[in-house]
Amino acid sequence: MPKFATDHIRTVALVGDGAAGKTTLTEALLATSGAIAAAGSVERGTTVSDFDTLEKAYQHSLRASLVHLEADGTRIHLIDTPGFPDFIGQAIGALDAVETAAVVVNATAGVQMIAARMMEWAAKRKLCRLVVINRIDAENVDLPGTLAAVQSAFGRECLPINLPAGGGGRVVDCFFNPSGDADFSSVADAHRALVDQVVEVDEALMSLYLEQGEVAPEQLHAPFEKALRDGHLVPVCFASARTGAGVKELLDILVKLAPSPVEGNPPLFVKGDGDAATEFRSVPDPAKHVLAHVFKVVMDPFVGKLGIFRVHQGTVSRDTQLYIGDSRKAIKVGHLFMLQGGKYVEIDAAVPGDLAAVAKIDEVSFDCVLHDSHDEDRIHMRALEFPVPMHGFAITPKRRGDEQRISDVLHKMIAEDPTLVVTHDPTVNETVLRGLGDLHLRSVLERMASQFKLEVDTRPPRVPYRETVTAKAEGHHRHKKQTGGAGQFGEVYLRIEPLPRGAGFEFVDQVKGGAIPNTLIPAVQKGVEQVLAAGPVAGFPLQDVRVIVYDGKYHPVDSKEVAFVAAGRKAFLDAIAKAKPIVLEPIVGVEINCPATTMGDVTGDLSSRRGQVTGTQTLQGEMLAVNGLAPLSELDGYAARLKSMTGGHGAWTMALSHYEMAPANLQAELATEYAKHRRHEEE
Ligand SMILES: Nc1nc2c(ncn2[C@@H]2O[C@H](COP(=O)(O)OP(=O)(O)OP(=O)(O)O)[C@@H](O)[C@H]2O)c(=O)[nH]1
Ligand SMILES: [Mg+2]
């Protein structure tokens, strides 16, 4: 049996902006609990969680990293996540594995973009949230100002559970044993504010409190957990990851107040597909059927594929037989590990709340569910939405002969990272790697070079335009060929209709009375789908269209598959030509962080590039968050422009928002280019 039962487990993701101090805090928590002898440092490259060579070189976390420790008879699993917007996918993925998101705020920089995003993501996931204001030791910090900024950005329910004292050298408790003086604000007031907030979730306790003027701390435990679960309370604590001030207190808060898997909100699973899908929540009971979710995959060059999962229900042990997702083939767990940064610690079993890993099981993939019963298949976790990557590099291998290997290595890279996609554009034979930012892509290329010895050249890719149709139309083609022996015959009638943006492609078979035999309908569909890869206007993939095949003719001897593939394709082309096809362009949502003084330049620049500003939000420390929409084609070289507009103090991210019709001049330009390209090919 594992050493810690589920109610003695806490799972916490440390999230927040780059350089907030998450990795240093992880180190301090490990050292304070005795899991390591002394805290390492990011600068020296000696931390447990930034163990990767690239992380040491960048002095920033690039991937979510797992550690575990013991405090007061409780097992705490911590996930240290990267704060750079480029790597936010890693932080979002970690939210699937925990009850608590601890948002670390850098007191010298204030509330920034990623902290704000992570608060939102965590609330969406119904996680309990905690804010840690770090760097209370630093000079010239405005701690009351930071607390006020946290409350104004995240709500009045953010209440301090301790306060800095002794000039930032320590913290005083405002909840368990409120006594003593803080550097600012009053300990007694902070205590009262917490109790007021907590009793609000329990009517009986509230009346008692109103009658007696106070309640015993033990009576507050259950309502405290409920207030956390409901997002009615977000405790704020202070710390210095560097000096260790407030770190023991943070451990105490995690042990005594952070929810165990039994007290948190269990995640939503979905069973079955489409209309038959039903939702249910896991039950954190070690005796039930196993439900574990793979929230992270690592391609380790030495141990191979590592599937890192969170147990939500049941017990996984070495000799458990597990099914992976929809597969009917059982796998034997074999070796089971708990991670301590880059080290693998072998364990016997994992219960609900535990984060563990299995190695060398190829079928394991990101986001799959592991379970232990035959009839529990087709289970998925309710999907998290990851930003759709839009930053792209077109890549070609430096060495000849690496063309084959490149796809293999790219597969390994995307297996690890839900915010990385690879597309191939056959019209210009271009392989494009897309990620969330320049740094993201560069780190992937460096990993490819160092771990897999694969070097590539990069250049800006083509903008991923799409095409669609804007009117209904009819299409018809009769394919007939008589060459020597057996002939080829197939005839197809179809209709096409535009679908709403983002709907994709639909194929509907409405053929009556066997005018085209059932067995040949897939051939028609195949022909139709051949057209989707390159639209008629400018050769971009066609989307948001429904094709309804409703009639045709066949010949009992001459109707072969090829005939219907050809007839389907040509009938579709016939219809598209009449359906007013257009080019769609990708519009991305951008979020820009910039000093308030540069806001005019930043928003003006965006508007001059066919963009629009959808909102601005004041962050702390003279920084602003600007949200907007802009066509991707206008954002070439944006990183450099933002740098010059903000004197290097800007940051930005983008992800796909939607596709819309490209302006007429752009459509014409793309069409001319395509016509030229085709003429060139024919010559
Ligand atoms: N003065 C002071 N410096 C700190 C403190 N915590 C972290 N730092 C420093 O801040 C820098 C960034 O710390 P990290 O722990 O790497 O920050 P992070 O949040 O993990 O950053 P990312 O991995 O990029 O998201 C390092 O130079 C730390 O030494 C603190 O409490 N006080
Ligand atoms: Mg870090």
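Relevant structure appears above.
Colleague: So what exactly am I meant to see when it comes to the overall build of the chain here?
Modeller: For the chain, the count of helices and strands is 16 helices and 35 strands. Taking 683 residues into account, the globule formula puts the C-alpha radius of gyration at 26 Å, and the chain, at 29 Å, falls close to it. Seen through its C-alpha atoms, the chain measures out along the principal axes to roughly 100 × 60 × 55 Å. Each of the 683 residues in the chain was classed as buried or not, and the buried ones make up 54%. In the chain, once contacts between residues fewer than 6 apart in sequence are set aside, the share between residues at least 24 apart is 72%. When the accessible surface of the chain is summed, it comes to about 29,300 Å², and 51% of that surface belongs to carbon and sulfur atoms.

Colleague: Explain the packing of helix H14 (residues 599-608) against helix H15 (residues 638-646) here, please?
Modeller: In helix packing, the relevant descriptors are the interaxial angle and the interaxial distance, both defined with respect to the helix axes. Two elements in contact, H14 and H15, have axes separated by 9 Å at closest approach and are oriented at 150°. When the axis of H14 is compared with that of H15, the two are roughly antiparallel. The handedness of the crossing between H14 and H15 is right-handed. Residue-level contacts link Asp-601, Val-602 and Asp-605 of H14 to Tyr-638, Arg-641, Leu-642, Met-645 and Thr-646 of H15. Here the residues of the contact of H14 with H15 are counted per class, giving four nonpolar, one polar and three charged.

Colleague: I tried to follow the coordination of the magnesium ion (ligand 2) on my own but got confused; where do I start?
Modeller: For a metal with four tetrahedral donors the ideal donor-metal-donor angle is 109.5 degrees, whereas six octahedral donors ideally subtend 90 or 180 degrees. Donor atoms from the polypeptide that coordinate the magnesium ion (ligand 2) comprise Thr-23 (OG1) and Ser-61 (OG), at 2.0 Å from the metal. Placement of the pair is Thr-23 in helix H1 (residues 22-33) and Ser-61 in the loop between helix H2 (53-58) and strand E2 (65-71), with a sequence separation of 38 residues. A relative accessible area of 7% means that Thr-23 is categorised as buried. Judged by relative accessible area, which is 7%, Ser-61 ranks as buried.

Colleague: Just checking my understanding: could you explain the pattern of salt bridges for this structure?
Modeller: Going through the model one piece at a time under the given rule, you end up with 32 salt bridges. As a salt-bridge pair, Glu-43 and Arg-242 come within 3.7 Å of each other at their nearest N and O atoms. One end of the pair, Glu-43, is in the loop between H1 and H2; the other, Arg-242, is in the loop between strand E9 (234-238) and helix H9 (247-256), and 199 residues separate them in sequence. Like Arg-242, Glu-43 is exposed. Through salt bridges that share partners, Asp-52, Arg-63, Glu-416 and Arg-447 make up one connected network.

Colleague: Please clarify how the packing of aromatic side chains should be interpreted in this entry.
Modeller: A ring pair, where both rings are aromatic, is described by two values, the distance of the centres and the angle of the planes. In this structure the tally under the stated criterion is nine aromatic pairs. Geometrically, the ring pair formed by Tyr-638 and Trp-652 is edge-to-face, given 4.7 Å between the ring centres and 65° between the ring planes. Of this pair, Tyr-638 sits in helix H15 while Trp-652 sits in strand E35 (residues 651-661); the two residues are 14 residues apart in sequence, bridging distant segments of the chain. One exposure class covers both Tyr-638 and Trp-652, and it is buried. What links up through ring pairs into an aromatic cluster is the set Phe-175, Phe-176 and Phe-224. When the ring centre of Trp-121 is taken as origin, the NZ or CZ atom of Lys-124, which lies over that ring, is 4.8 Å away. The lysine or arginine in question, Arg-495, covers the ring of Tyr-550, its NZ or CZ lying 4.5 Å from the ring centre.

Colleague: Please explain unusual backbone geometry as it appears in this structure.
Modeller: A negative phi holds for most residues other than glycine; trans holds for most peptide bonds. Phi at Lys-360 is positive, roughly 60°, even though this residue is not glycine. With respect to the helices and strands, Lys-360 occurs in the loop between strand E20 (355-359) and strand E21 (369-371). Look at Lys-360 and you get exposed, because its relative accessible area is 63%. Notably, Asp-544 is not glycine yet its phi reads approximately 55°, a positive angle. Looking at where Asp-544 falls in the secondary structure, it is placed in the loop between helix H12 (521-532) and strand E31 (545-553).

Colleague: Could you clarify how one ought to interpret empty space enclosed by the protein in this entry?
Modeller: It is the rolling of a water-molecule-sized probe over the atoms that shows where space remains empty. Counting across every chain of the model gives five cavities of 30 Å³ or more. When its volume is computed, the largest cavity comes out at roughly 180 Å³. Taken together, 19 residues form the lining of the largest cavity, with Arg-63, Gln-90, Glu-416, Asp-417 and Arg-447 sitting closest to its centre. Elements with a minimum of two residues in the lining of the largest cavity: helix H3 (88-94), strand E12 (291-300), helix H10 (403-416) and helix H11 (438-452). No other element matches H11, which puts four residues into the lining of the largest cavity. Residues belonging to the lining of the largest cavity are distributed by class as follows: eight nonpolar, five polar and six charged.

Colleague: Explanation requested: the environment of Asp-7 in the structure shown.
Modeller: Position of Asp-7 relative to the elements: it lies in the segment before strand E1 (9-15). A relative accessible area of 43% places Asp-7 in the partly exposed class. What Asp-7 contacts, discounting residues up to four positions off in sequence, is Ser-260 and Val-262.

Colleague: I tried to follow the nonpolar core on my own but got confused; where do I start?
Modeller: The nonpolar side chains of a soluble globular protein tend to be buried, and buried together. Within the largest apolar cluster, 58 residues are counted, with the highest numbers of intra-cluster contacts made by Ile-79, Val-131, Ile-133, Val-150, Phe-154 and Phe-238. The leading source of residues in this core is helix H4 (residues 113-124), at seven residues. Those residues in contact with Ile-79, other than ones at most four positions away along the chain, are Val-12, Ala-13, Leu-14, Ala-64, Ser-65, Leu-66, Ala-94, Ala-97, Val-98, Phe-295 and Leu-355. Counting residues in each nonpolar core, the second largest holds 46 residues, with Val-48, Leu-69, Val-195 and Val-215 among its members.

Colleague: Any chance you could explain the sheet that holds strand E22 (residues 379-381) here in plain terms?
Modeller: Within a sheet, adjacent strands bond to each other through the backbone by hydrogen bonds, running parallel or antiparallel. The three strands are arranged E11-E10-E22 in an open sheet whose pairing can be described as antiparallel. Two strands bound the open sheet, and with one partner strand each, they are strand E11 (278-281) and E22. Strand-to-strand twist across the sheet, computed as the mean angle between neighbouring axes with direction ignored, equals 35°. As paired strands, strand E10 (residues 268-271) and E11 are joined by four bridges and run antiparallel to one another. Following the sheet pairing, Val-270 is matched in E11 by Glu-279.

Colleague: I'm lost on the site of ligand 1 in this one. Help?
Modeller: Lys-22, Thr-24, Glu-43, His-60 and Arg-135 are the nearest of the 20 residues found near ligand 1. Within the side chain of Lys-22, a nitrogen or oxygen atom sits 2.7 Å from an oxygen atom of ligand 1. Considering ligand 1 on its own, with 650 Å² of exposed area, one finds that the protein chains cover 92% of that surface. Counting residues per element, the shell around ligand 1 draws most heavily on H1, which supplies three residues. Taken together, the residues that form the shell around ligand 1 break down as five nonpolar, nine polar and six charged.

Colleague: Explain helix H8 (residues 217-229) to me, please; I cannot follow it from the model alone.
Modeller: Turn by turn, an α-helix covers 3.6 residues, leaving residues three or four places apart pointing in a common direction. Over its 13 residues, H8 runs 19 Å from end to end, which matches the ideal 18 Å to within 8%, given 1.5 Å per residue. The sharpest bend along H8 reaches about 30° and sits at Pro-223. For H8, the complete set of buried residues consists of Leu-220, Pro-223, Phe-224, Glu-225, Ala-227 and Leu-228. On its buried side, H8 packs onto strand E5 (128-134), helix H6 (187-199), helix H7 (203-212), E9 and H9. In the stretch just after H8, Gly-231 is the one whose phi turns positive, near 70°.

Colleague: Explain the layout of surface pockets to me, please; I cannot follow it from the model alone.
Modeller: Here the largest pocket defines a volume of roughly 730 Å³. Around the largest pocket sit 28 residues that line it, and Phe-84, Pro-85, Gly-650, Ala-651 and Trp-652 are the ones nearest its centre. Contributions of two or more residues to the lining of the largest pocket are made by H4, H11, H15 and E35. The biggest single contributor to the lining of the largest pocket is H15, with four residues. Split into classes, the residues belonging to the lining of the largest pocket amount to twelve nonpolar, eleven polar and five charged.

Procedures and definitions
Residues numbered from 1 in each chain as written. Chains lettered and ligands numbered in written order. Predicted model: local features only at pLDDT ≥ 70, side-chain atom pairs only at ≥ 80, totals over all residues. Heavy atoms only, no water. Helix = DSSP H or I, 4+ residues; strand = E, 2+ residues; numbered from the N terminus. Rg over C-alpha atoms; globule rule 2.2 N^0.38 Å. Buried < 20%, exposed > 50% of the residue type's maximum accessible area, 1.4 Å probe, protein only. Contact = heavy atoms within 4.5 Å. Areas by Shrake-Rupley, 256 points an atom, 1.4 Å probe, with all protein chains shown as cover. Axes fitted to C-alpha atoms, helices over the stretch in contact; angles between N-to-C directions. Parallel < 35°, antiparallel > 145°, perpendicular 65-115°, else oblique. Left-handed = near helix turned anticlockwise from the far one by under 90°. Nonpolar A, V, L, I, M, F, W, Y, C, P; charged D, E, K, R; others polar. Donors = N, O, S within 2.8 Å, 3.2 Å for Na, K, Ca; no water. Salt bridge = Lys/Arg side-chain N within 4 Å of Asp/Glu carboxyl O. Phe/Tyr/Trp six-rings, centres within 6.5 Å; stacked < 30°, edge-to-face > 60°. Lys NZ or Arg CZ within 6 Å of the ring centre and 35° of its normal. 1 Å grid on protein atoms, 1.4 Å probe; cavity = no way out; pocket = protein on both sides within 12 Å on 5 of 7 lines; lining within 4 Å. Points joined across faces, edges and corners; volume = space filled by probe spheres on them. Core = buried A, V, L, I, M, F, W, Y, C linked by side-chain atoms within 4.5 Å. Pairing = 2+ DSSP bridges. Near = heavy atom within 4 Å. Polar contact = N/O pair within 3.5 Å; in protein donor to acceptor, adjacent residues only side chain to side chain. Expected span 1.5 Å × (residues − 1). Bend = angle between axes of the 7 residues up to and from the residue.

No statement about biological role is implied by the geometric values presented.
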